[in-house]
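Below, each chain spelled out in residue letters.
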Amino acid sequence: MVRRPPPLTRPLTTALTVLLAALRAAPSRLAGRFTSRLHDERVAAWLGMALGVSLLSAFATGLISHFMQHPPGWMRWPSRPVNLYRVTQGVHVIGGLATVPLLLAKLWTVYPKLWQWPPVRSAPHGARRLLVFVLVGAALFQFVTGVLNIAYWYAFPFLFTTAHYWTAYIVIGAVLIHAADEWPKVRRTVMTRPQDAVGRRAFLLTVAGASGVITAVTVGEAFSPLARLAVLAPRRPGTGPQGLPVNKSAAAAGVSAAARDPGWRLTVTGRVRRDVVLTLDGLRALPQHSARLPIACVEGWSADADWRGVRLRDLLALAGADDAARVRVESLQTFGLYRTSRLDPGHWHDPLTLLALDLNGDPLDLDHGHPCRLIAPNRPGVLQTKWVHRLVVL
Ligand SMILES: Nc1nc2c(c(=O)[nH]1)N[C@H]1C(S)=C(S)[C@@H](COP(=O)(O)O)O[C@H]1N2
Ligand SMILES: [Mo]
């Protein structure tokens, strides 16, 4: 006698059989869908190499920006060349934007693999796929948060700088392992001549062209001769009060009243031989010096300006500060991450480091930091404190 399965399990086994049959049929049906011959190892290899170089450059320039803003105790950033940060951060932001088409093209080229069957063939194969998922997820996170941040759209609940910084290690770790893993295949692919012509070159040139267009319409945010082309840039050189863009206005920083108060004084205090307290006229009575220096914002835009004011080292000498001391520059602003910044000795001894009173020939606009602001060479914009009222020697 044939043993029949109990009534309840029968529908279950039937469902399972149907599902398995469907799954077995699915990959072959899907395989027919990806008809473009550009889902191809050769295209993936070239795009992969370009992406690898771009991501390494973004990582290196990103680390520079991070450690300039959060220097460990032993680290000393040089104050020259004057434009170093401007260049590294321009490469980071504009280069990052130009990488977007490469990433999208690469994902498009390889996405049929998402449906490969069976999804995991062996432990190493599973590990490899997991690594690719981590890489793609982390890279997309970096590009999305980066773009939103330079567009001043703080749509996410976490702090951009912290999340973007730590995710960078995940991206670069995954990139290095993935590149080492794929290297033999990439080498084999790009060293041999293609046997067929499927328009790879045209496709890759289109992707490169898209990167070029993005670069062309943003690079003007840092390179003023092309400012008029910079239609995608959120800040442009030449626009704003006194011909200079403003990131945070006095109103937004809540300092409008305090900065206009005739009772404003500059105080030099902390570990000094004597406290120095100066009025605005008192500051103007000190020797004035000029410097042409850029504001180089971490968001990628930068612009040169003519600054005039008192050398920081003269003020600190008046107070008798120790040569090796660090200095904290404090703004009238009472909230926000950028109300203070710190200067290492190398930076405050630099004769170009000023407490500026004038910008492009006129007294500082309220939005540029009136009555006075810090301006120093080779330094991110976030550290060029505006509406200064106190220097504290540490
Ligand atoms: N007190 C204070 N200073 C500040 C800021 C701020 O938010 N508060 N923003 C900084 C940033 S991010 C930049 S890019 C520069 C811009 O200077 P600008 O507005 O004069 O161009 O100011 C810096 N100084
Ligand atoms: Mo900035």
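Residues numbered from 1 in each chain as written. Chains lettered and ligands numbered in written order. Predicted model: local features only at pLDDT ≥ 70, side-chain atom pairs only at ≥ 80, totals over all residues. Heavy atoms only, no water.

Asks: Looking at this model, I keep getting lost on the domain arrangement of the chain. Mind explaining?
Replies: A common way to report how large an interface is uses the accessible area buried once the components associate. Considered domain by domain, the chain is made up of domain 1 (36–216) and domain 2 (241–393). One C-alpha centre belongs to domain 1, the other to domain 2, and the line joining them spans 38 Å. Across the boundary between the two partners, domain 1 contributes 25 residues, which contact 26 residues of domain 2. Carbon and sulfur atoms make up 50% of the area that domain 1 and domain 2 hide from each other, which totals about 1,900 Å². For the interface between domain 1 and domain 2, the tally reads 2 salt bridges. In this structure, aspartate 350 engages arginine 80 in a salt bridge whose closest nitrogen and oxygen atoms are separated by 2.8 Å. Between domain 1 and domain 2 we count 12 residue pairs in polar contact (both at pLDDT 80 or more) in total. Only α2 (41–69), α3 (84–110) and α4 (123–150) provide two or more residues apiece to the side of domain 1 that touches domain 2. For the side of domain 1 that touches domain 2, the residue count by class is 14 nonpolar, 8 polar and 3 charged. (Domains from an automatic or database assignment. Contact = heavy atoms within 4.5 Å. Buried area = accessible area lost by both parts, 1.4 Å probe. Salt bridge = Lys/Arg side-chain N within 4 Å of Asp/Glu carboxyl O. Polar contact = N/O pair within 3.5 Å; in protein donor to acceptor, adjacent residues only side chain to side chain. Helix = DSSP H or I, 4+ residues; strand = E, 2+ residues; numbered from the N terminus. Nonpolar A, V, L, I, M, F, W, Y, C, P; charged D, E, K, R; others polar.)

Asks: Is there a simple way to explain the packing of α3 against helix α6 (residues 200–216) in this structure?
Replies: Relative to each other, α3 and α6 sit at 155°, their axes nearing to 8 Å. On the basis of their axis angle, the class for α3 and α6 is roughly antiparallel. The way α3 lies across α6 gives a crossing that is right-handed. Residues Ile94, Leu97, Ala98, Pro101, Leu102, Ala105, Trp108 and Thr109 of α3 form the contact with α6, whose own contacting residues are Phe203, Val207, Ala210, Ser211, Ile214 and Thr215. (Axes fitted to C-alpha atoms, helices over the stretch in contact; angles between N-to-C directions. Parallel < 35°, antiparallel > 145°, perpendicular 65-115°, else oblique. Left-handed = near helix turned anticlockwise from the far one by under 90°.)

Asks: Please clarify how the side chain of glutamate 221 should be interpreted in this entry.
Replies: Relative to the helices and strands, glutamate 221 resides in the loop between α6 and α7 (250–253). Buried within the structure, glutamate 221 lacks any salt-bridge partner; arginine 236 is the closest side chain of opposite charge, at an N-O distance of 8.7 Å. Excluding its chain neighbours within four sequence positions, the residues that come into contact with glutamate 221 are Val93, Ile94, Ala230, Ala233, Pro234, Arg235, Pro237, Glu299, Gly300, Trp301 and Ser302. (Buried < 20%, exposed > 50% of the residue type's maximum accessible area, 1.4 Å probe, protein only. Lys, Arg positive; Asp, Glu negative; His and termini not counted.)

Asks: Whenever I open this one, the packing of α3 against α4 confuses me. Can you help?
Replies: Helix-helix packing: each pair is described by the crossing angle between the helix axes and the interaxial distance. The interhelical angle for the contact between α3 and α4, taken along N-to-C directions, is 140°, at an axis separation of 11 Å. Here α4 runs oblique to α3, going by the angle between their axes. Regarding α3 and α4, the two cross each other, and that crossing is left-handed. For the pair α3 and α4, contact is made by Val93, Gly96, Leu97, Thr99, Val100, Leu103 and Leu107 and by Val136, Ala139, Leu140, Phe143, Val147 and Ile150, respectively. The class makeup of the residues in the contact of α3 with α4 is 11 nonpolar, 2 polar and no charged.

Asks: I tried to follow the UniProt feature "domain: Oxidoreductase molybdopterin-binding" (unreviewed entry) in the chain on my own but got confused; where do I start?
Replies: As annotated in UniProt, the feature "domain: Oxidoreductase molybdopterin-binding" (unreviewed entry) corresponds to residues 262–393 in the numbering used here. Along residues 262–393 the backbone is 14% helical and 39% strand, and the end-to-end C-alpha distance reaches 25 Å. (UniProt positions renumbered as here; feature names shortened; annotations may be inferred.)

Asks: Please explain the site of ligand 1 as it appears in this structure.
Replies: What surrounds ligand 1 is a group of 19 residues, the closest being Pro245, Gln333, His368, Arg373 and Lys386. Between histidine 368 and ligand 1, the recorded distance is 2.6 Å, taken from a side-chain N or O atom to an oxygen atom. Compared with its free state, where it exposes 530 Å², ligand 1 has 97% of that area covered by protein. A class-by-class count of the residues in the shell around ligand 1 yields 9 nonpolar, 7 polar and 3 charged. (Near = heavy atom within 4 Å. Areas by Shrake-Rupley, 256 points an atom, 1.4 Å probe, with all protein chains shown as cover.)

Asks: Hey, could you run me through the UniProt feature "transmembrane region" (unreviewed entry) in the chain in this one?
Replies: Mapped onto this structure's residue numbering, the UniProt feature "transmembrane region" (unreviewed entry) falls at residues 43–67, 130–156, 162–181 and 202–223. Overall, residues 162–181 shows 100% helix and 0% strand. The separation of its end C-alpha atoms is 29 Å.

Asks: What is the right way to look at the packing of aromatic side chains in this model?
Replies: Each aromatic ring pair is specified by the distance between its two centres and by the angle formed by the two planes. According to the stated counting rule, one finds 12 aromatic pairs in the structure shown. Here phenylalanine 156 and phenylalanine 158 contribute two aromatic rings whose centre-to-centre distance is 4.9 Å and whose plane-to-plane angle is 5°, an arrangement assigned as stacked. Residue classification places phenylalanine 156 among the buried residues on the basis of a relative accessible area of 13%. By relative accessible area, phenylalanine 158 is classed as partly exposed at 33%. Between tyrosine 165 and tyrosine 169, the ring centres sit 5.2 Å apart and the planes meet at 85°, which makes this aromatic pair edge-to-face. With tyrosine 165 and tyrosine 169 both in helix α5 (residues 160–191) and 4 residues apart, this pair spans about one turn of that helix. Aromatic rings pair up to connect Phe59, Phe67, Tyr165, Trp166 and Tyr169 into one cluster. One residue, arginine 235, lies across the ring of tyrosine 152, its end atom 4.1 Å from the ring centre. (Phe/Tyr/Trp six-rings, centres within 6.5 Å; stacked < 30°, edge-to-face > 60°. Lys NZ or Arg CZ within 6 Å of the ring centre and 35° of its normal.)

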